[in-house]
There are 2 protein chains.
Amino acid sequence: MTTTLTRPSSETLLDLFRNTFRRHAGGVVVCTTVDDDGTPVGFTATSLASLSAVPPRATFNMIKSSSSFRAVQLGCRIAVNFLGAGSHELGQRFAGPAEERFAGDHWHEERGLPVIDDAGVVLFTKVASIYDHGENAIVVLEIQDGTLGDDQDPLLYHNRRFGTIAPVDPAR
Amino acid sequence: MTTTLTRPSSETLLDLFRNTFRRHAGGVVVCTTVDDDGTPVGFTATSLASLSAVPPRATFNMIKSSSSFRAVQLGCRIAVNFLGAGSHELGQRFAGPAEERFAGDHWHEERGLPVIDDAGVVLFTKVASIYDHGENAIVVLEIQDGTLGDDQDPLLYHNRRFGTIAPVDPAR
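About the thresholds
Residues numbered from 1 in each chain as written. Chains lettered and ligands numbered in written order. Predicted model: local features only at pLDDT ≥ 70, side-chain atom pairs only at ≥ 80, totals over all residues. Heavy atoms only, no water. Buried < 20%, exposed > 50% of the residue type's maximum accessible area, 1.4 Å probe, protein only. Helix = DSSP H or I, 4+ residues; strand = E, 2+ residues; numbered from the N terminus. Pairing = 2+ DSSP bridges. Contact = heavy atoms within 4.5 Å. Salt bridge = Lys/Arg side-chain N within 4 Å of Asp/Glu carboxyl O. Polar contact = N/O pair within 3.5 Å; in protein donor to acceptor, adjacent residues only side chain to side chain. Nonpolar A, V, L, I, M, F, W, Y, C, P; charged D, E, K, R; others polar.

Q: Residue-level account of the pairing of strand 12 (residues 161–167) of chain A, with values.
A: The buried fraction of strand 12 of chain A is high, at five of seven residues. Direction of pairing for strand 11 (residues 156–158) of chain A relative to strand 12 of chain A: antiparallel, over a ladder of three bridges. Of the residues in strand 12 of chain A, the one forming a bridge with Tyr157 of chain A is Phe162 of chain A. Counted along the chain from strand 11 of chain A to the antiparallel partner strand 12 of chain A, the turn is two residues long, and its residue Asn159 of chain A has a positive phi close to 55 degrees. For strand 12 of chain A and strand 12 (residues 161–167) of chain B, the ladder comprises five bridges, and the chain directions are antiparallel. Residue Ala166 of chain A lies in a different strand from strand 12 of chain B, and its bridge partner there is Thr164 of chain B.

As structure tokens, then:
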């Protein structure tokens, strides 16, 4: 490790940022909603985090240039679909071309929102706040209801690959 | 799964929230800083998420009643120490009694901040924004510099236990 008190260049900083968050693992959810004209919209998010238990709130971060961002508005309803380890193809699909995300029978409509059939948990939420950070935004969700399915090993994203949880080896 | 259009009670909602985020896995970091009088302060966070690459920013969420929160102020410097799978005892220690967190030789001072010796990555950051949500806050960090150590399997927290990453079984 090196220690320097000079500020790194923006290129060095970008490399550091990318390498750091490549190594940081996150749980995978698919956020789903509908556009103004009722068209299903959905996207994979790996930044979901709990914010508060009472009232029940969570956050995720997203880039505003995303095709899905126009559907994410203050007060709008969003379903958060927690993916299990077996659903890595869905995690990939909802990070791929927008026109392919809902092509198929892997989802259904529930309470007016598209919902992923195989999600381990579905939370029905409402956007409570959106904090603007230049090209990105922090979205705060208020959880209004939800359904807990069978307990599944979670789907994780790490080092540009999907993975799941394993015990820590106590011998390490 | 059941569908209901009535609002669940606050107890039901709290159970749903707890069960959901118990199942959601997160990467484990230790945030370290110093108090007004120079005393080291540190805490385990499982909500760290990237916000933007340019400028390099990340977020984490914390409860304001935490003993560490008084040290987290706008403009203050925080080191983010990313823990590897072998460092689960450190993840536990920095979630335990405050007086035991820095008791030992598992840390050193670097650029005026306490830094965890075995961290895979250390980011030197400055608090850019704090968004108040009742008893909780969203903290936005601007990354100013950092050091990338050896690539380690990440430490994760899931279902009240520490774990690490494993490949997804393609046969599922």
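After presenting the structure, the write-up continues.
Q: Explain the pairing of strand 5 (residues 57–63) of chain A to me, using residue names and the numbers behind them.
A: Residue and element names in this part refer to chain A. The element strand 5 is extensively covered by neighbouring structure, given that six of its seven residues are classed as buried. The pairing of strand 4 (residues 49–52) with strand 5 spans three bridges and is classified as antiparallel. Residue pairing across strands places Ser52 opposite Arg57, the latter belonging to strand 5. Between the antiparallel neighbours strand 4 and strand 5 lie four residues. Bridge count between strand 5 and strand 10 (residues 136–148): seven bridges; the pairing is antiparallel. From the neighbouring strand, Ala58 faces strand 10, where its bridge partner is Leu141.

Q: Can you break down unusual backbone geometry residue by residue, with the values?
A: Residues and elements named next belong to chain A. Of note, the amide linkage connecting Val54 to Pro55 takes the cis form, showing an omega dihedral of -5 degrees. By the secondary structure assignment, Pro55 is in the loop between strand 4 and strand 5. The phi angle at Arg111 is positive, at roughly 50 degrees, despite the residue not being glycine. Structurally, the position occupied by Arg111 is in the loop between strand 7 (107–110) and strand 8 (113–116). On the accessibility criterion, Arg111 (16% relative accessible area) is buried. Phi at Arg160 is positive, roughly 60 degrees, even though this residue is not glycine.

Q: Pulling in residues and values, what's your account of the interface of chain A and chain B?
A: Contacts between chain A and chain B engage 75 residues on the former and 75 residues on the latter. In this structure, the connection of chain A to chain B is made through two salt bridges. A salt bridge links Arg23 of chain B to Asp151 of chain A; the nearest nitrogen and oxygen atoms lie 3.6 Å apart. Between chain A and chain B we count 19 residue pairs in polar contact (both at pLDDT 80 or more) in total. Considering every element that reaches the side of chain A that touches chain B, the biggest residue donor is strand 10 of chain A, with ten residues. In terms of residue class, the side of chain A that touches chain B is built from 37 nonpolar, 27 polar and eleven charged.

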